[in-house]
Amino acid sequence: MYSIVFRHDLNLVDIKWTGLFDQPSVDAYADELIRRFREEGFRTGYRLRMDMSGTSVQPVDAAQAINRRLGAFHRASRIAIVATSAITRLQVRRFMTQDYLRIFDCADAALDWLVAADARTQAA
């Protein structure tokens, strides 16, 4: 229903959702993300790619529960959301209002945007 990959080479937390959440799966997801974030040694300022293209809009109660559990989670420097459904995009915009968030149709474009700042920095 979800996967979480920590990419130290890109300072990236790469998450993919493939199912619909309910309260038990929200708790399992939030617990795993918080625990692994700490164990992996990630800090505020990481980049986040959330690929939601493999699922439809989340049930409202699940989206609210995720927001409650992770609303105060460590702040990313950039967030790229992959969502192909217009309804999913609306739900993302409702719950995620960060000005450093962008929504993309494909995972590759999202990753390109997330790492673009690194390319400019390395070229300078």
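Our subject is the structure listed above.
Residues numbered from 1 in each chain as written. Predicted model: local features only at pLDDT ≥ 70, side-chain atom pairs only at ≥ 80, totals over all residues. Heavy atoms only, no water.

## Examining the pairing of strand E1 (residues 2-7)
- Relative to strand E2 (residues 12-17), E1 runs antiparallel, the two being bridged by six bridges. Looking at the pairing, phenylalanine 6 lines up with valine 13 of E2.
- Once E1 ends, the chain turns through four residues before running back antiparallel as E2, passing asparagine 11 with a positive phi of about 50°. (Pairing = 2+ DSSP bridges. Helix = DSSP H or I, 4+ residues; strand = E, 2+ residues; numbered from the N terminus.)

## A short note on the packing of aromatic side chains
- Counted according to the given criterion, the structure contains 12 aromatic pairs.
- Plain terms: the ring middles of phenylalanine 37 and phenylalanine 42 are 6.0 Å apart, the flat faces sit at 55° to each other, and that makes the pair tilted. Residues phenylalanine 37 and phenylalanine 42 agree in their burial class; the two are buried.
- Three or more aromatic residues link up through ring pairs in this structure, and these residues are Phe6, Phe37, Phe42, Tyr46 and Phe73.
- Sitting over the ring of tryptophan 113, arginine 78 keeps its end group 4.5 Å from the ring centre. (Phe/Tyr/Trp six-rings, centres within 6.5 Å; stacked < 30°, edge-to-face > 60°. Buried < 20%, exposed > 50% of the residue type's maximum accessible area, 1.4 Å probe, protein only. Lys NZ or Arg CZ within 6 Å of the ring centre and 35° of its normal.)

## Observations regarding the pairing of E2
- The buried fraction of E2 amounts to five of the six residues, a majority that puts the element mostly inside the structure.
- Both E2 and strand E3 (residues 47-51) contribute to a ladder of five bridges, which runs parallel. Considered in E3, the bridge of aspartate 14 is made with arginine 49.
- For the crossover that starts at E2, traverses helix H1 (residues 23-40) and ends in the parallel E3, the hand is right-handed. (Right-handed = clockwise from strand over helix to strand, strands pointing away.)

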